[in-house]
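This is what each chain is made of:
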Amino acid sequence: MGARPLLNRRLAGMGTTIFAEMSALATATGSINLGQGFPDTDGPEQVREAAVRALREGRGNQYPPGPGIPELRTAIAAHQRRRYGLGLDPDTEVLVTAGATEAIAASLLALLEPGDEVIALEPFYDSYAACIAMAGAVRVPLTLRAPSFRPDLDELRSLITPRTRLLLLNTPHNPTGLVLTPDELTAIAALAVEHDLLVVTDEVYEHLVFDGAHHPIATLPGMRERTVTISSAGKTFSFTGWKVGWVTAAPELVAAVRTAKQYLTYVSAGPFQYAVAEALNLPDAYFDDFRADLRHKRDLLADGLATAGFRVFRPQGTYFITTDITPLGEKDGIAFCRSLPERCGVVAIPNAVFYDDPDAGRPLVRFTFCKRTTVLEEAVERLSRL
Ligand SMILES: Cc1ncc(COP(=O)(O)O)c(C=O)c1O
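Read on for a plain summary of the structure. Sequence order as written defines the numbering, with residues in each chain counted from 1. Two thresholds apply to this predicted model, a pLDDT of at least 70 for residue-level local features and 80 or more for giving and counting side-chain atom pairs, whereas whole-chain, interface and lining totals are computed over all residues. With hydrogens and water set aside, each side-chain value is computed from the structure's full complement of heavy atoms.

1. Things to note about the nonpolar core
Residues L72, L166, L168, F237, F367 and L383 are the most contacted members of the largest nonpolar core, which totals 122 residues. Numbering of helices and strands runs from the N terminus; a helix is a DSSP stretch of H or I covering at least four residues, while a strand is a stretch of E covering at least two. For this core, the leading source of residues is helix α11 (residues 284-307), giving 8 residues. Whether two residues are in contact is decided by their heavy atoms, any of which lying within 4.5 Å being enough. Once residues lying within four places of it in the same chain are set aside, the contact partners of L168 are L108, V118, I119, A120, L121, Y128, I132 and V200. Put simply, a nonpolar core is a bunch of buried Ala, Val, Leu, Ile, Met, Phe, Trp, Tyr and Cys residues held in one set by side-chain atoms that sit within 4.5 Å of each other. Per-residue accessibility, obtained with a 1.4 Å probe over protein chains only, is compared with the maximum for each type, and a residue is labelled buried under 20%, exposed over 50%, and partly exposed between these values.

Structure, rendered in structure tokens:
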């Protein structure tokens, strides 16, 4: 095949995601997997049954409509109104995607030209870097630094250039657990308006805020027409394998994202769309109980990690805890995570993989707590042997 590498040079060096490597290590060593963020208990029985019913009744077994089934688009719009007071037209301002992952890819491929700069909160979820690269754009990190991980808004201002096209936000933020405050969002929105920037905001953990509340930036003045909001059923309803996500935005933005989306998957997950429509209409008690359960698990794991000698940055949201391994006499999170299954039968993710500059996150390690209480208790016991 000659000397030319097979992999497109935009994706050079991206290799296999760390999640695949660490999940394989968990299986090979029989370790408790606190690496990848997927629950070990499925979501509500009623929602699962809704999917079974749709399958049996032949709803969604053939290509559903490109933008998503009307029932789901209506439920998404109703959810945004009920939770955040955002009025959306389900026909023109909502688009169903194959998980938030496709929503991110379609948004960035649709909205970016080669050479455009994208400012993203670093550490970033790994698909952001890949999608920015596939669009031929340039990522510019706004690094969140321990211990608070709060964004430096003066630094954000200084990163904006005439080539900046888009701000890529994520709140609640994976992996740090940061939840952007109304003041921070207002300041970010003011910069977006002043410099006429687009905002893509990944809000898949919107229902997992333990301290404070979730505020979509799209609700702020001047933001509706420039913001693409992304969310998904995976995290909120504990069905990460269903891959039902969505985009909400002004009609022109949805039309642009839909154009890219239709050539990525065209459509996805027909019967699951009916089930997610039912899930979004669950009473508030479901969302409250889900959050309370995860808050309890956050505290259990955070306390256990602190007792085991980690420096713990207690997250305000998401189901991840970032820790610093320096107090354990360790320096390198990647080496630490590779040795952890052997040492004590637990798998975690090194935060360095979420940084452009690996030094910035070198001693940081992420654990998830979306597991059964007994599993977390066992993990804490194992980690205490460190
Ligand atoms: C910040 C963030 N965005 C998007 C996703 C992916 O969402 P989905 O499974 O709906 O594609 C994840 C999953 O871990 C995530 O943490």
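That covers the picture; the talk isn't over yet.
2. Section: the sheet that holds strand β10 (residues 320-324)
Taken together, the 4 strands give an open sheet; going across it, the order is β9-β10-β13-β12, and neighbouring strands pair in antiparallel fashion. The open sheet has two free edges, formed respectively by β9 (311-313) and β12 (349-350), since each of these has just one partner strand. Here, any two strands with at least 2 DSSP bridges between them count as paired.

3. Description of the packing of helix α3 (residues 70-84) against helix α10 (residues 270-280)
Between N-to-C directions, angles cover 0 to 180 degrees, with each direction set by a line fitted to C-alpha atoms, over the stretch in contact for helices. Two elements in contact, α3 and α10, have axes separated by 8 Å at closest approach and are oriented at 25°. With respect to their mutual orientation, α3 and α10 come out roughly parallel. Here the hand of the crossing between α3 and α10 comes out left-handed. Together, E71, L72, A75, I76, H79 and R82 of α3 and Q273, Y274, V276, A277 and L280 of α10 make up the contact between the two elements. Here the contact of α3 with α10 is built from residues that sort into 7 nonpolar, 2 polar and 2 charged. Orientation categories follow fixed angle ranges, with anything under 35 degrees roughly parallel, anything over 145 roughly antiparallel, 65 to 115 roughly perpendicular, and all other angles oblique. By convention the crossing between two helices is left-handed if the near helix lies anticlockwise of the far one by an angle smaller than a right angle, and right-handed if it lies clockwise. Residues are grouped as follows: Ala, Val, Leu, Ile, Met, Phe, Trp, Tyr, Cys and Pro are nonpolar; Asp, Glu, Lys and Arg are charged; every other residue, Gly included, is polar.

4. Focus: the site of the ligand
Around the ligand lies a shell of 13 residues, among which T101, D202, Y205, S232 and K243 are the nearest. N or O atoms closer than or at 3.5 Å make up a polar contact, with two conditions inside protein: a donor-capable atom paired with an acceptor-capable one, and, for residues adjacent in sequence, both atoms drawn from side chains. Between the ligand and D202 there is a distance of 2.6 Å, counted from a nitrogen atom to a side-chain nitrogen or oxygen. K235 places a side-chain nitrogen or oxygen 2.7 Å from an oxygen atom of the ligand. Protein contact buries 93% of the 400 Å² of open area that the ligand shows by itself. The leading source of residues in the shell around the ligand is helix α4 (residues 99-111), at 3 residues. Near is defined per residue: the residue qualifies when any heavy atom it owns lies within 4 Å of the molecule or strand. Values of accessible area rely on a 1.4 Å probe in the Shrake-Rupley scheme; residue burial ignores everything except the protein chains shown.

5. Examining the pattern of salt bridges
Salt bridges are defined as contacts in which a side-chain nitrogen from Lys or Arg sits within 4 Å of a carboxyl oxygen from Asp or Glu. As enumerated under the stated definition, the model contains 27 salt bridges in all. Across the pair R163 and E117 runs a salt bridge, and its minimum N-O distance is 2.9 Å. Residue R163 is located in the loop between α6 (153-159) and β5 (164-170), and its partner E117 is located in strand β3 (residues 117-122); the two are separated by 46 residues in the primary sequence. Judged by relative accessible area, E117 falls into the buried class, the value being 11%. Here R139 makes a salt bridge to D356, at a shortest N to O gap of 2.7 Å. Remark: D356 occurs in the loop between β12 and β13 (364-368) and R139 occurs in strand β4 (residues 138-143); sequence separation between them is 217 residues. Residue classification places R139 among the partly exposed positions, given a relative accessible area of 28%.

6. Describing the packing of aromatic side chains
Aromatic rings from Phe, Tyr and Trp, with only the six-membered ring used for Trp, were paired whenever their centres fell within 6.5 Å, and each pair was classed as stacked if the ring planes differed by under 30 degrees, edge-to-face if by over 60, and tilted otherwise. A complete count under the given rule lists 16 aromatic pairs for this structure. Considering the side-chain rings of Y63 and Y266, the 5.7 Å spacing of their centres and the 70° angle between planes classify their relative orientation as edge-to-face. With Y63 in the loop between α2 (45-56) and α3 and Y266 in the loop between α9 (251-261) and α10, the pair connects residues that are 203 residues apart, well separated along the chain. On the basis of an interplanar angle of 50° and a centroid distance of 6.2 Å, the ring pair of F210 and F369 is categorised as tilted. Linking F210 in the loop between β6 (198-202) and β7 (227-232) with F369 in the loop between β13 and α13 (373-383), this pair joins segments that are 159 residues apart in sequence. Here F210 and F369 have matching classes, each one buried. The structure contains a cluster of three or more aromatic residues connected by ring pairs, namely F237, Y286, F287 and F290. Whether a charge lies above a ring is judged from NZ of Lys or CZ of Arg, which has to be within 6 Å of the ring centre and within 35 degrees of the ring normal. Positioned over the ring face of Y274 is R59, at 4.9 Å from the centre of the ring. The ring centre of F287 lies 4.6 Å from the NZ or CZ of R83, which sits over that ring.

7. Topic: a nonpolar patch on the surface
A contiguous nonpolar patch, built from L109, M134 and L264 and spanning about 240 Å² of accessible area, is present on the exposed surface. Here L264 shows up in the loop between α9 and α10. Residues with no salt bridge and a relative accessible area higher than 30% make up the patches, which join like charges within 9 Å and nonpolar side chains (Val, Leu, Ile, Met, Phe, Trp, Tyr) within 5 Å.

8. Some thoughts on the environment of E184
Its place among the elements puts E184 in helix α7 (residues 182-194). In the structure, E184 is positioned 33 residues away from I217 in sequence and 9.8 Å away in space, judged by C-alpha atoms. Residues in contact with E184, not counting those within four places in the same chain, are R150, P151, L153 and V179. Only 2.6 Å separates the side chain of E184 from the side chain of R150, close enough to count as a polar contact. A polar contact is formed between the side chain of E184 and the backbone nitrogen of T181, at a distance of 3.0 Å.

Worth remembering: the numbers are spatial, not functional.
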